[in-house]
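Chain residues, written in single-letter form:
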Amino acid sequence: MTTAAPLTPAQVASLPAMPSALEAFAALNIGQTLGYQLISDGEFPIEVLRFGRSFRVRKVDLLAYLGLAEFVAAEVQSAAATNDDAPGVQPEAPSNEQPAPTSK
């Protein structure tokens, strides 16, 4: 069995809030056999949560372990700065829409 290619920092940053164990293995560049062995031995480097038969990790824990928390924070800051000038409704602007009347 071959190991999947390791994830880039950008790919790790785009993972969901609770990536699967397989996604965590790819981020750590380890195979399934080693990953599940570390989980069963209680030696996986970050906390693993079990939901039924599936294993999940917290993205924030994975980012912290990989030292990517600052990378993701910088990307978020950059994206927020570029979107400040975007046209559209601002969060603090009140809505002019009124709720539709309902019939009884």
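Just so you know, these numbers come straight off a predicted model, no measurement behind them. (Residues numbered from 1 in each chain as written. Predicted model: local features only at pLDDT ≥ 70, side-chain atom pairs only at ≥ 80, totals over all residues. Heavy atoms only, no water.)

1. Considerations on the packing of helix 2 (residues 21-28) against helix 3 (residues 32-40)
Stated formally: Axes, fitted as lines to C-alpha atoms, cover a helix only where it is in contact. Angles between the N-to-C directions of the axes lie from 0 to 180 degrees. A run of H or I in DSSP becomes a helix once it reaches four residues, and a run of E becomes a strand once it reaches two; helices and strands are each numbered from the N terminus. Here the angle decides the label: under 35 degrees means roughly parallel, over 145 means roughly antiparallel, 65 to 115 means roughly perpendicular, and every other value means oblique. Helix crossings get a hand from a simple test, with the near helix turned counterclockwise from the far one by less than a right angle marking a left-handed crossing and a clockwise turn marking a right-handed one. When checking whether two residues touch, look at their non-hydrogen atoms; a contact exists if any pair is within 4.5 Å. Ten residue types, Ala, Val, Leu, Ile, Met, Phe, Trp, Tyr, Cys and Pro, are classed as nonpolar, four, Asp, Glu, Lys and Arg, as charged, and the remainder, Gly among them, as polar.
Where helix 2 meets helix 3, the axes come as close as 10 Å, and the angle between the chain directions of the two elements is 110 degrees. Here helix 2 is positioned roughly perpendicular relative to helix 3, judged by the angle of their axes. The handedness of the crossing between helix 2 and helix 3 comes out as right-handed. Across from Ala21, Leu22 and Phe25 in helix 2, the residues of helix 3 making contact are Gln32, Gly35, Tyr36 and Ile39. Split by residue class, the contact of helix 2 with helix 3 holds five nonpolar, two polar and no charged.

2. Here's the deal with the packing of aromatic side chains
What counts here: Paired rings are identified among Phe, Tyr and Trp, the last through its six-membered ring, by centres lying within 6.5 Å, and are further divided according to the angle between planes into stacked (under 30 degrees), edge-to-face (over 60) and tilted (the rest). In this scheme, a residue with accessible area under 20% of its type's maximum is buried, one over 50% is exposed, and one in between is partly exposed, where area comes from a 1.4 Å probe on protein chains only.
Taken as a whole and assessed by the stated rule, the structure comprises three aromatic pairs. Ring centres 5.0 Å apart and planes at 90 degrees place the aromatic pair Phe25 and Tyr36 in the edge-to-face group. Placement of Phe25 in helix 2 and of Tyr36 in helix 3 is noted, with a sequence separation of 11 residues between them. For the ring pair Phe25 and Phe44, a centre distance of 5.8 Å and an interplane angle of 65 degrees mean the geometry is edge-to-face. Linking Phe25 in helix 2 with Phe44 in the loop between helix 3 and strand 1 (48-51), this pair joins segments that are 19 residues apart in sequence. Across this residue pair, the class does not change: Phe25 and Phe44 are buried. Three or more aromatic residues joined by ring pairs form one cluster here, namely Phe25, Tyr36, Phe44 and Phe55.

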